[in-house]
Amino acid sequence: SAVISQKPSRDICQRGTSLTIQCQVDSQVTMMFWYRQQPGQSLTLIATANQGSEATYESGFVIDKFPISRPNLTFSTLTVSNMSPEDSSIYLCSVERTSGRAEDETQYFGPGTRLLVL
Amino acid sequence: AQSVSQHNHHVILSEAASLELGCNYSYGGTVNLFWYVQYPGQHLQLLLKYFSGDPLVKGIKGFEAEFIKSKFSFNLRKPSVQWSDTAEYFCAVRASNDYKLSFGAGTTVTVRA
C-alpha cells in the first residue's frame, strides 16, 4: 500500500477563484490519478497525472479548468480554476505502482479534499 | 469504457445478518475487479480484489466476493455483519490492460445494533 496525504482537507471558496490541491505520497509511484466525487455520486476520473509530461484528461475534463502538475514521482497538484458552485465536490488523489506483478497493481486513495464553492 | 452497476443504493441490516451487495459490469474483455469501502469520516480503502485464478476472493474483515464471468458479476458477501461494517461500498472495474477504474454508484450499508 501507500500513505497518501492531501492538502487542504477542506476549503470554502468564492466563485471565480481558483484552488490548488496537493497530493503527497510516502514513496515513489508510477501512476497518479485525480478523481472527483460529487455529492451523492460515485467517483469519476478527471485525469492521469504523468511525471514529466502533460496530464491525460478524461472526456468532459479540460486542462484549462483542471491544470495538473506532476514534478516528481511522489507529488502532484490539481488546480480547480475559475470555480463555480457546480465544482463543489470531493477531489481525491490516487496512486498505483507498476511492479511487474499484475496482482500487485492496485490503486490506493488519499483522504480527499472537500471543496465548497459559494 | 466499462460501466458498473450496483443494484442497491441503501441497505439496512441488523447485526449478525448476512450481507450481499450486487455488482455487474459491462465489458467483454478480461477485467480486474475491486471492492472499496469508505467508513464514515475515513478515506476509501481496498476491501478485496480479483485479477485471476480462484473466482472466490477473500478480503479483509471477513468479506468475500465471487466473480461469475458468465453473469458479468462480482457480488460482495459477508455472512454476519457487525455495527462497524456501516459504510459505503464501491465496486470498481477496469480492463486488465488499462489503469483506468470505473466505479459503481456505491451502496450505503447501515448496520443497526
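Shown above is the structure to which this text applies.
Residues numbered from 1 in each chain as written. Chains lettered and ligands numbered in written order. Predicted model: local features only at pLDDT ≥ 70, side-chain atom pairs only at ≥ 80, totals over all residues. Heavy atoms only, no water.

### Some points on the pattern of salt bridges
Under the defined criterion, the tally for this structure stands at seven salt bridges over all chains. One connected set of salt bridges, linked through shared partners, spans B:Lys58, B:Glu64, B:Glu66 and B:Arg77. (Salt bridge = Lys/Arg side-chain N within 4 Å of Asp/Glu carboxyl O.)

### Focus on the environment of B:Val111
Residues and elements named next belong to chain B. Examined against the element boundaries, valine 111 turns out to sit in strand E12 (residues 107–112). For the pair valine 111 and lysine 58, spaced 53 residues apart in the sequence, the C-alpha separation amounts to 21 Å. Valine 111 has contacts with Leu13, Ser14, Glu15, Val81, Gln82, Trp83, Asp85 and Thr86, leaving out every residue within four places of it along the chain. (Helix = DSSP H or I, 4+ residues; strand = E, 2+ residues; numbered from the N terminus. Contact = heavy atoms within 4.5 Å.)

### A closer look at the state of the cysteines
Here the structure, examined in full by the defined rule, presents two disulfides over all chains. The side chain of A:Cys23 participates in a disulfide bridge whose partner is A:Cys93; the two sulfur atoms lie 1.9 Å from each other. Because the torsion about its S-S bond is -65°, the bridge between A:Cys23 and A:Cys93 counts as left-handed. Of this pair, A:Cys23 sits in strand E3 (residues 19–25) while A:Cys93 sits in strand E9 (residues 89–96); the two residues are 70 residues apart in sequence, bridging distant segments of the chain. Between the sulfur of B:Cys23 and that of B:Cys91 lies a disulfide, 1.9 Å long from S to S. Since a negative S-S torsion denotes a left-handed disulfide, the B:Cys23-B:Cys91 link at about -65° is left-handed. Here B:Cys23 is found in strand E4 (residues 23–26), whereas its partner B:Cys91 is found in strand E10 (residues 87–95), with 68 residues between them in sequence. No disulfide involves A:Cys13; its sulfur sits 18 Å from the nearest other cysteine sulfur, which is in A:Cys23. (Disulfide = S-S within 2.5 Å.)

### Considering the interface of chain B and chain A
Opposite the 16 residues of chain B that make contact, chain A presents 20 residues. Buried surface at the junction of chain B and chain A, both sides included, amounts to about 1,500 Å², of which 58% is carbon and sulfur. On the chain B side of the interface with chain A, the three residues burying the most area are B:Tyr99, B:Lys100 and B:Phe103, jointly 34% of the side's total. Taken together, chain B and chain A are joined by two salt bridges. The shortest N-O distance in the salt bridge between A:Glu58 and B:Lys100 comes to 3.3 Å. Counting across the chain B and chain A interface gives six residue pairs in polar contact (both at pLDDT 80 or more). Every element with two or more residues in the side of chain B that touches chain A is listed here: strand E5 (31–38), strand E6 (45–50) and E10 of chain B. Counting residues per element, the side of chain B that touches chain A draws most heavily on E5(B), which supplies three residues. Residues belonging to the side of chain B that touches chain A are distributed by class as follows: ten nonpolar, three polar and three charged. (Buried area = accessible area lost by both parts, 1.4 Å probe. Polar contact = N/O pair within 3.5 Å; in protein donor to acceptor, adjacent residues only side chain to side chain. Nonpolar A, V, L, I, M, F, W, Y, C, P; charged D, E, K, R; others polar.)

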